[in-house]
Amino acid sequence: MPHLPDVVLWSVPAFVLLTAVELVSYRLHPDENAQGYETKDAATSITMGLGSLGFDLLWKIPIVAIYTAVYELTPLHVPVLWWTVLLMLLAQDFFYYWQHRGHHVIRVLWACHVVHHSSRKFNLSTALRQPWTSLTNWPFYVPMVALGVHPAAVAFCNSVSLVYQFWIHTERIGTLPRPIEFVFNTPSHHRVHHASQGGYLDRNFGGILIVWDRLFGSFVPETERPVYGLTKNIDTFNPLRVATHEYAAIARDLRAANDWRERAGRVFGGPGWQPSAPAGGGSGDAASVQGGPNAAAGRPGPDIATPDRSAASVPARTDSLPAPTDSAPAESATAAPRPPTAPSGAAPTQAPAPTDPPIPEHAA
């Protein structure tokens, strides 16, 4: 078994020191355009981080057992050398991209990851707001183990990625030199990821490198000031509710589901998945619509059923929602009837008195 340092444990003093420095910087040099710190929000984020350490120890038991079984079965074994560790980090970052992206597009996975997006602030304490149900992450790294990477090396690479991503949760750093912005995940790129505007949704999933987003079409640069949080925020600082609110929403949707297909969609569909509209009642499957009634607290994105928070400030997501039009609705059976003598397209005429019924005429 390779002896690799516990990067997260060694980094805790740096986490505390840098968070304190950022907090003091907002006190000494306030920025009215930045979100800054809120005591309850920061306390919740720190509590979520501490709680995740305990729960992660629990989840490691089955994960280590599975990884060890796969490692024993594979004929491949990669030695832990300085240059192989670099390749392992590159591989881990690639699989992290897909793990992160998957946790945005599959609702049961999003129920875990939504914790990290639930703060309306964006500062170094937000980086500590980690889920308590990270058991959903391990399947994405099985290929690394199957290719001969020791489970301890996989854990080390995950820790390096987590530590790297701490410093990019800040509004105190603008954009960095272009070569760095092109290759690495930076505060500017990650601000986009945490934003709730339509054009920023489901973008910039990279961990250490941003090149995966450029390769797979999910990169968006920062062009406007982000609005952080969810389109329908959960409005609580209770750590237990923060950790479980989307699971509760899934449970409510499952109880209300009409059949097994809908139940599967509520769990494995997108965070705003909706069942197909009845015949004549809508336009096809609404599976791509974001922010359904019970998913609104679980995902950044326009909420169709309850657009209370973001109707004025967050534009609609143009890649999944049709843009509203300003045209008047078509005439319906409830519209006022035109006189029978008016031809198609003609201006309506005044209806004659009941005692003098109109003589029908044919339209030209």
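Residues numbered from 1 in each chain as written. Predicted model: local features only at pLDDT ≥ 70, side-chain atom pairs only at ≥ 80, totals over all residues. Heavy atoms only, no water.

> Would you mind going over the overall build of the protein chain with me for this structure?
When its secondary structure is counted, the protein chain shows 11 helices and 0 strands. For the protein chain, the sequential pattern of α-helices and β-strands runs α-α-α-α-α-α-α-α-α-α-α. Evaluated residue by residue, the protein chain yields a buried proportion of 43% over its 364 residues. (Helix = DSSP H or I, 4+ residues; strand = E, 2+ residues; numbered from the N terminus. Buried < 20%, exposed > 50% of the residue type's maximum accessible area, 1.4 Å probe, protein only.)

> For this particular structure, what's the right way to read a nonpolar patch on the surface?
On the surface, a cluster of nonpolar side chains totalling about 670 Å² of accessible area is made up of Leu 81, Trp 82, Trp 83, Leu 86, Leu 87 and Leu 90. Take Trp 82: its relative accessible area is 67%, and that puts it in the exposed class. (Patch = residues over 30% accessible without salt bridge, like charges linked within 9 Å, V, L, I, M, F, W, Y side chains within 5 Å. Areas by Shrake-Rupley, 256 points an atom, 1.4 Å probe, with all protein chains shown as cover. Salt bridge = Lys/Arg side-chain N within 4 Å of Asp/Glu carboxyl O.)

> Before we go on, may I ask you to explain the side chain of Glu 22 in this structure?
With respect to the secondary-structure elements, Glu 22 resides in helix 1 (residues 7–28). The charged side chain of Glu 22 is buried without a salt bridge, its nearest counter-charge being Arg 172 at 6.0 Å. One polar contact links Glu 22 to Tyr 37, side chain to side chain, over a distance of 2.4 Å. Among residues more than four places away in sequence, those in contact with Glu 22 are Tyr 37, Asn 123, Leu 124, His 169, Thr 170, Glu 171 and Arg 172. (Lys, Arg positive; Asp, Glu negative; His and termini not counted. Polar contact = N/O pair within 3.5 Å; in protein donor to acceptor, adjacent residues only side chain to side chain. Contact = heavy atoms within 4.5 Å.)

> How should I be thinking about the pattern of salt bridges in this particular structure?
Pairs can form between side chains of opposite charge once their charged atoms are near each other. All chains considered together, the criterion is met by 7 salt bridges. With a shortest N-O distance of 2.8 Å, Arg 107 and Glu 246 are connected by a salt bridge. Of this pair, Arg 107 sits in helix 4 (residues 107–117) while Glu 246 sits in helix 10 (residues 239–256), placing them 139 residues apart in sequence. The same class applies to Arg 107 and to Glu 246, which are both buried. Residue Arg 107 is joined to Asp 253 by a salt bridge in which the shortest nitrogen-to-oxygen separation is 2.7 Å. Here Arg 107 is found in helix 4, whereas its partner Asp 253 is found in helix 10, with 146 residues between them in sequence. For Arg 107, a relative accessible area of 2% puts it in the buried group. Exposure remark for Asp 253: the relative accessible area of 5% places this residue in the buried category. One continuous salt-bridge network, built from bridges that share partners, spans Arg 107, Glu 246 and Asp 253.

> Would you mind going over the packing of aromatic side chains with me for this structure?
Pairs of aromatic rings are described using the distance from one ring centre to the other and the angle between the two planes. Scanning the entire structure with this criterion turns up 13 aromatic pairs. Ring geometry for Phe 122 versus Tyr 228: centroids 5.0 Å apart, planes at 10°, classification stacked. Pair noted here: Phe 122 is in the loop between helix 4 and helix 5 (142–146) and Tyr 228 is in the loop between helix 9 (211–216) and helix 10, with a separation of 106 residues, a long-range link. Through a chain of ring-to-ring contacts, three or more aromatic side chains come together here, namely Phe 94, Phe 95, Tyr 97, Trp 98, Phe 205, Trp 212 and Phe 216. Taking the ring centre of Tyr 26 as reference, the NZ or CZ of Arg 172 above it sits at 4.0 Å. (Phe/Tyr/Trp six-rings, centres within 6.5 Å; stacked < 30°, edge-to-face > 60°. Lys NZ or Arg CZ within 6 Å of the ring centre and 35° of its normal.)

> Where do I start with the packing of helix 10 against helix 11 (residues 260–268) in this structure?
For any two helices packed against each other, the geometry is given by the interaxial angle and the distance between the axes. The contact between helix 10 and helix 11 brings their axes to 9 Å, and the two run at 170°. Judged by the inter-axis angle, helix 10 sits roughly antiparallel to helix 11. Contact residues: Ile 250, Asp 253 and Leu 254 in helix 10; Arg 263, Arg 266 and Val 267 in helix 11. When grouped by side-chain class, the residues that make up the contact of helix 10 with helix 11 number 3 nonpolar, no polar and 3 charged. (Axes fitted to C-alpha atoms, helices over the stretch in contact; angles between N-to-C directions. Parallel < 35°, antiparallel > 145°, perpendicular 65-115°, else oblique. Nonpolar A, V, L, I, M, F, W, Y, C, P; charged D, E, K, R; others polar.)

> Would you mind showing me how to read unusual backbone geometry here?
Keep in mind that most residues, glycine aside, have a negative phi and that most peptide bonds are trans. Of note, Asp 202 is a non-glycine position whose phi angle comes to about 55°, a positive value. Secondary-structure assignment places Asp 202 in the loop between helix 8 (187–194) and helix 9. According to the relative accessible area criterion, Asp 202 is buried, its value standing at 13%.

> Whenever I open this one, the nonpolar core confuses me. Can you help?
Proteins that are soluble and globular tend to have nonpolar side chains buried together. Judged by nonpolar contacts, the single largest core of 28 residues is most densely connected at Tyr 67, Tyr 141, Met 144, Val 149 and Val 154. Of all the secondary-structure elements, those providing two or more residues to this core are helix 1, helix 2 (39–73), helix 3 (82–105), helix 5 and helix 6 (151–164). Residues within four places of Val 149 in sequence aside, it is in contact with Tyr 71, Val 78, Met 88, Met 144 and Val 154. In this structure, Val 115, Leu 230, Ile 234 and Ala 243 belong to the second largest nonpolar core, which totals 9 residues. (Core = buried A, V, L, I, M, F, W, Y, C linked by side-chain atoms within 4.5 Å.)

> In this structure, what is going on with helix 4? I would like to understand it.
Residues three or four positions apart in an α-helix share a direction because the helix packs 3.6 residues into each turn. Burial analysis of helix 4 places 10 of its 11 residues in the buried class, which makes it a mostly covered element. For helix 4, the set of buried residues is Arg 107, Leu 109, Trp 110, Ala 111, Cys 112, His 113, Val 114, Val 115, His 116 and His 117. Those residues of helix 4 that are buried lie in contact with helix 2, helix 3, helix 8, helix 10 and helix 11.

> Looking at this model, I keep getting lost on the side chain of Thr 44. Mind explaining?
By the element assignment, Thr 44 lies in helix 2. Thr 44 gets classed as buried once you look at its relative accessible area, which sits at 3%. Polar side-chain contacts of Thr 44 include one of 2.9 Å to the backbone oxygen of Lys 40. Among all residues touching Thr 44, those that are not within four sequence positions of it are Arg 129, Phe 237 and Val 242.

> It is not clear to me how the environment of Thr 186 should be interpreted in this structure. Could you clarify?
Relative to the assigned elements, Thr 186 resides in the loop between helix 7 (178–183) and helix 8. Between the alpha carbons of Thr 186 and Gly 174 there is a distance of 9.1 Å; along the sequence they are 12 residues apart. Once residues lying within four places of it in the same chain are set aside, the contact partners of Thr 186 are Ile 168, Leu 176, Ile 180 and Glu 181. A polar contact is formed between the side chain of Thr 186 and the side chain of Glu 181, at a distance of 2.7 Å.

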